[in-house]
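Structural features, examined
Residues per chain, in single letters:
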Amino acid sequence: DSRFGDTLEEIQEIQNYIKNAKKVYIPNKNGIKVEVLNKVLEEYNLPQAEILQLNTNTADTSRIPALAKAYIALDQSDADLIIARGRLGIPGSGSLLIFIDNKGRILTCGTSPSHVIHKKTIEEAVYNEACEALEKIGFNKEG
């Protein structure tokens with residue numbers, strides 16, 4: 001009746017789901033995040049993603065804007081996997097890059113502090129968040 005942490009089998013199921021995703025979408029207004037994320041996905045030998053151009057402005061009114069953005073994309077697509085990035089919480093809370101499956105379940109995520117704290121470019125921040133998210137579930141870069 002007690003849980004003692006994640007099992008290797010659970011992590012492998014998440015890895016397999018991501019590896020086998022056929023329709024991977026990134027909700028975004030422009031292609032900058034998509035280019036960076038596809039670079040990361042390629043480095044980890046994972047399926048490439050496509051941009052899903054949606055108006056996600058309403059996501060900023062929710063408690064967890066990045067997750068709301070992911071759910072908007074899921075509701076408006078036939079995705080197997082959504083990779084969304086947005087604010088973690090209230091303004092100033094930093095960023096969250098999140099991977100969700102086709103049922104809206106969170107698979108993994110990466111975070112960054114506010115830009116005024118880390119002072120990285122958007123490309124650097126997205127790259128680091130994506131690597132963090134994948135390494136949390138045991139992926140390693142190819143090569």
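Use the structure listed above.
Residues numbered from 1 in each chain as written. Predicted model: local features only at pLDDT ≥ 70, side-chain atom pairs only at ≥ 80, totals over all residues. Heavy atoms only, no water.

We now examine the overall build of the chain. Broken down by element type, the chain carries 5 helices and 5 strands. Ordering the α and β elements of the chain from the N terminus gives α-β-α-β-α-β-β-β-α-α. Its C-alpha radius of gyration of 15 Å places the chain within 12% of the 15 Å reference for a compact globule of 143 residues. Taking the principal axes of the C-alpha coordinates as reference, the chain spans close to 35 × 35 × 30 Å. Counting over 143 residues, the chain shows a buried share of 45%. (Helix = DSSP H or I, 4+ residues; strand = E, 2+ residues; numbered from the N terminus. Rg over C-alpha atoms; globule rule 2.2 N^0.38 Å. Buried < 20%, exposed > 50% of the residue type's maximum accessible area, 1.4 Å probe, protein only.)

Right, let's talk about the side chain of K69 for a bit. Relative to the assigned elements, K69 resides in helix α3 (residues 65–75). For the buried K69, no salt bridge exists, and the shortest N-O distance to an oppositely charged side chain is 6.4 Å, to D60. At 2.9 Å, the side chain of K69 and the backbone oxygen of R85 are in polar contact. Setting aside anything within four residues of it in sequence, one finds K69 in contact with P27, K33, T56, A59, A84, R85 and G86. (Lys, Arg positive; Asp, Glu negative; His and termini not counted. Salt bridge = Lys/Arg side-chain N within 4 Å of Asp/Glu carboxyl O. Polar contact = N/O pair within 3.5 Å; in protein donor to acceptor, adjacent residues only side chain to side chain. Contact = heavy atoms within 4.5 Å.)

Before going further, it helps to examine the environment of Y71. Counting through the fold element by element, Y71 comes out in helix α3. Residues Y71 and P27, 44 residues apart in the sequence, show an inter-C-alpha distance of 9.9 Å. Every residue in contact with Y71, bar those within four places of it in the chain, is listed here: I100 and G104.

A word on helix α5 (residues 122–136). Relative to the 21 Å expected for 15 residues at 1.5 Å per residue, α5 spans 21 Å between its end C-alpha atoms, a close match to the ideal helical length. Where α5 is concerned, the buried positions are A125, V126, Y127, E129, A130, C131, A133 and L134. On its buried side, α5 packs onto α2 (32–43), β3 (81–87), β4 (95–101), β5 (106–112) and α4 (115–118). Of the residues trailing α5, G138 is marked for its positive phi of about 90°. (Expected span 1.5 Å × (residues − 1).)

Opposite charge on two side chains lets them pair, provided their charged atoms get close. Under the defined criterion, the tally for this structure stands at 8 salt bridges. In this structure, R3 engages D6 in a salt bridge whose closest nitrogen and oxygen atoms are separated by 3.2 Å. Considered together, R3 and D6 belong to a single accessibility category, that of exposed residues. Across the pair E132 and K136 runs a salt bridge, and its minimum N-O distance is 3.3 Å. In this pair, E132 and K136 both sit in helix α5, 4 residues apart, roughly one turn of the helix.

Moving on: the nonpolar core. Core analysis: the largest hydrophobic core is formed by 25 residues, its most contacted members being I18, L81, I83 and F99. Only β1 (24–27), α2, β3, β4 and α5 provide two or more residues apiece to this core. Discounting chain neighbours no more than four positions away, the residues touching L81 are I18, A21, K23, V24, Y25, F99, I100 and L107. The next biggest cluster of nonpolar side chains, apart from the first, holds 17 residues, and it includes A59, L74, L96 and I98. (Core = buried A, V, L, I, M, F, W, Y, C linked by side-chain atoms within 4.5 Å.)

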